[in-house]
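# Report on the structure
The primary structure of each chain is shown beneath.
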Amino acid sequence: MHFHDDALFPETQEKLVITAAPYGPEWEPDDFREDLPLTMDEHVQQAVDCYEAGATVLHIHVRELDGKGSKRLSKFNELLGRLREAVPDMILQVGGSISFAPEGEGADAKWLSDDARHMLAELDPKPDQVTIAINTNQMNIMELMTADDIAGTSFLRPEIADAYREMVVPAGPSWVEEHLKRLQAAGIQPHFQLANVAQLETVERLIRRGVYTGPLMVTWVGIGGGFDGPNPYNMMEFIRRTPDGAVLTLETLMRSVLPMNTMAIAMGLHARCGNEDTIWGRRGEKITSVQQIEQLVRIAGELGREVATGKEAREIYKLDERYADAEETLAKIGFAPSRRPGQLGFTQHA
């Protein structure tokens, strides 16, 4: 992304889109019962509260009444239907990693089959977005967890910590291409959750081959353990390599969430928070998803950057845009055009 001399002035920046991830599927309800929804009514109320606080994108997971993350698409359909009524202006973004969860004491945590994961494209009512991982990747969320982060939580149990320490996100080439095909056919926008520049390069290759043709919505996920860590050098290199026409959100975990989001807000990027990313504010003090959103709204206000309304967020996310082919997609997103037959030297924008 290119930064002009006035790039840090709020009047030259897009309005801030805040993504709320308030369903914390990795936690057990008793880890923070005040903020982790259990019943369907609580799931819906959490969305309403997040929207009223200033979030315009809702990252969705669903919990069963026994406290475990749900793998039943019927539960997602039920929640999506109710959310369309309760928060009609929110962008509904289903988390594509719904299928990983420890199954019980000492049991392995497993992902659903590829075919089952493809069924996210068949949700009814359909979400606006489904997140997609690129390239099978280690996702050891325990690597950066401190003693303070896991104090008093279910992660103190060895079987839980081991399950998440060994977690791998399956996202091989065949699955990715088929998933993108199905999401686009269903009119659902993919939201790319990327761990590093190597995965961004894979997305560019998918675009150049015409596998994906549409706006580029990206979240850089700086959570370590196989992903980039929340190091400003990692963050800035990913920002530098992201094309100008992409919409970029920054995500990290635990007590790195607030400083990372503050940098995102200052630079004209977009922010994500919620109990899926952290349940901690100041050291040893828990903070709810709504309180995290309110905190970001205050910071944006101090910087003079306006927070997007639901309608404005939908325009920023270009939810209704589709592109004809690879070259139009490259041009709209801001990648250099593909090399023409026989063309020598560097390709360049028109």
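Here's a quick rundown of the structure. Model, not experiment: these values are computed from the prediction.

Criteria and cut-off values
Residues numbered from 1 in each chain as written. Predicted model: local features only at pLDDT ≥ 70, side-chain atom pairs only at ≥ 80, totals over all residues. Heavy atoms only, no water. Helix = DSSP H or I, 4+ residues; strand = E, 2+ residues; numbered from the N terminus. Rg over C-alpha atoms; globule rule 2.2 N^0.38 Å. Buried < 20%, exposed > 50% of the residue type's maximum accessible area, 1.4 Å probe, protein only. Axes fitted to C-alpha atoms, helices over the stretch in contact; angles between N-to-C directions. Parallel < 35°, antiparallel > 145°, perpendicular 65-115°, else oblique. Left-handed = near helix turned anticlockwise from the far one by under 90°. Contact = heavy atoms within 4.5 Å. Lys, Arg positive; Asp, Glu negative; His and termini not counted. Salt bridge = Lys/Arg side-chain N within 4 Å of Asp/Glu carboxyl O. Phe/Tyr/Trp six-rings, centres within 6.5 Å; stacked < 30°, edge-to-face > 60°. Pairing = 2+ DSSP bridges. Arc of directions from axis to C-beta. Core = buried A, V, L, I, M, F, W, Y, C linked by side-chain atoms within 4.5 Å.

Attention shifts here to the overall build of the protein chain. When its secondary structure is counted, the protein chain shows 12 helices and 12 strands. Relative to the globule expectation of 20 Å for 350 residues, the C-alpha radius of gyration of the protein chain, 19 Å, shows essentially globular dimensions. Each principal axis of the C-alpha atoms in the protein chain carries an extent, and together these give about 60 × 45 × 40 Å. Scored against the burial criterion, the 350 residues of the protein chain give a buried share of 53%.

The next thing to look at is the packing of helix α1 (residues 40–53) against helix α2 (residues 73–86). It is at 10 Å that the axes of α1 and α2 come closest, and there the two elements cross at 40°. One element, α1, and the other, α2, form an angle in the oblique class. Helix-helix and strand crossings are classified by hand; for α1 and α2 the assignment is right-handed. Within the contact between the two elements, α1 uses Met40, Asp41, His43, Val44, Ala47 and Val48 and α2 uses Lys75, Glu78, Leu79, Arg82, Leu83 and Ala86.

Our next topic: the packing of α1 against helix α10 (residues 289–303). Between α1 and α10, whose axes approach to 9 Å, the crossing angle comes to 10°. Taken together, the axes of α1 and α10 lie roughly parallel to each other. Remark: the crossing between α1 and α10 carries right-handed chirality. Residues Gln46, Asp49, Cys50 and Ala53 of α1 touch α10, and the partners they reach there are Ser289, Val290, Ile293, Glu294 and Val297.

Here we take up the side chain of lysine 75. As for its placement among the helices and strands, lysine 75 is situated in helix α2. The buried charged residue lysine 75 lacks any salt bridge partner; its closest oppositely charged side chain belongs to glutamate 64, at an N-O distance of 4.2 Å. Discounting chain neighbours no more than four positions away, the residues touching lysine 75 are Met40, Val62, Arg63, Glu64 and Ser70.

Further remarks concern the packing of aromatic side chains. Any aromatic ring pair is given by two values, namely how distant the centres are and how the planes are angled relative to each other. As enumerated under the stated definition, the model contains 3 aromatic pairs in all. Grouped by ring-pair contacts, the aromatic residues Trp27, Phe155 and Tyr164 constitute a single cluster.

Here we take up the sheet that holds strand β11 (residues 247–251). If you trace the 8 strands once around the closed barrel, you get β1-β2-β3-β6-β9-β10-β11-β12, paired in parallel fashion. Taking the axes of each pair of neighbouring strands and ignoring which way they run, one obtains an average angle of 30° across the sheet. Strand direction decides the pairing type here: β11 and strand β12 (residues 270–273), joined by 2 bridges, are parallel. Paired with threonine 249 across the strands is histidine 270, a residue of β12. Lying over the sheet, helix α8 (residues 232–241) contacts β9 (189–194), β10 (217–221) and β11, oriented at roughly 160° with respect to β10.

What follows is about helix α9 (residues 257–267). Taken residue by residue, α9 has Val257, Met260, Asn261, Ala264, Ile265 and Met267 as its buried positions. For α9, the secondary structure elements touched by its buried residues are β10, α8, β11, β12 and α10. Downstream of α9 by a residue or two, glycine 268 has a phi angle that is positive, lying close to 85°.

For helix α5 (residues 158–165), the complete set of buried residues consists of Ile160, Ala161, Ala163 and Tyr164. Down the axis of α5, the buried set is contained in an arc of 160°. They therefore lie on one face.

A cis geometry characterises the amide bond from aspartate 124 onward to proline 125, with omega recorded as 5°. Look at asparagine 135: it is not a glycine, yet its phi comes out positive at around 70°. Structurally, asparagine 135 is set in the loop between β6 (129–133) and β7 (137–138). Note on asparagine 135: relative accessible area 28%, which makes it partly exposed.

Turning our attention to the pattern of salt bridges. As enumerated under the stated definition, the model contains 22 salt bridges in all. Its salt-bridge partner being aspartate 148, residue arginine 283 comes within 2.7 Å of it at the nearest N-O pair. Residue arginine 283 is found in the loop between β12 and α10, and its partner aspartate 148 is found in helix α4 (residues 147–150); the two are separated by 135 residues along the sequence. For arginine 283, a relative accessible area of 60% corresponds to the exposed category. Linking arginine 205 and glutamate 201 is a salt bridge whose minimum nitrogen-to-oxygen distance equals 3.8 Å. With a gap of 4 residues between them, arginine 205 and glutamate 201 both fall in helix α7 (residues 197–208), about one helical turn apart.

A few words now on the nonpolar core. Membership of the largest hydrophobic core comes to 37 residues, with the highest contact counts inside it found for Leu58, Ile60, Leu83, Val94 and Ile293. Contributing elements (two or more residues each) for this core: β1 (18–20), α1, β2 (57–60), α2, β3 (91–94), α9, β12 and α10. The element best represented in this core is α1, accounting for 6 residues. If near-sequence neighbours (up to four positions away) are discounted, leucine 83 is found in contact with Tyr23, Val44, Ala47, Leu58, Ile60, Pro88 and Leu92.

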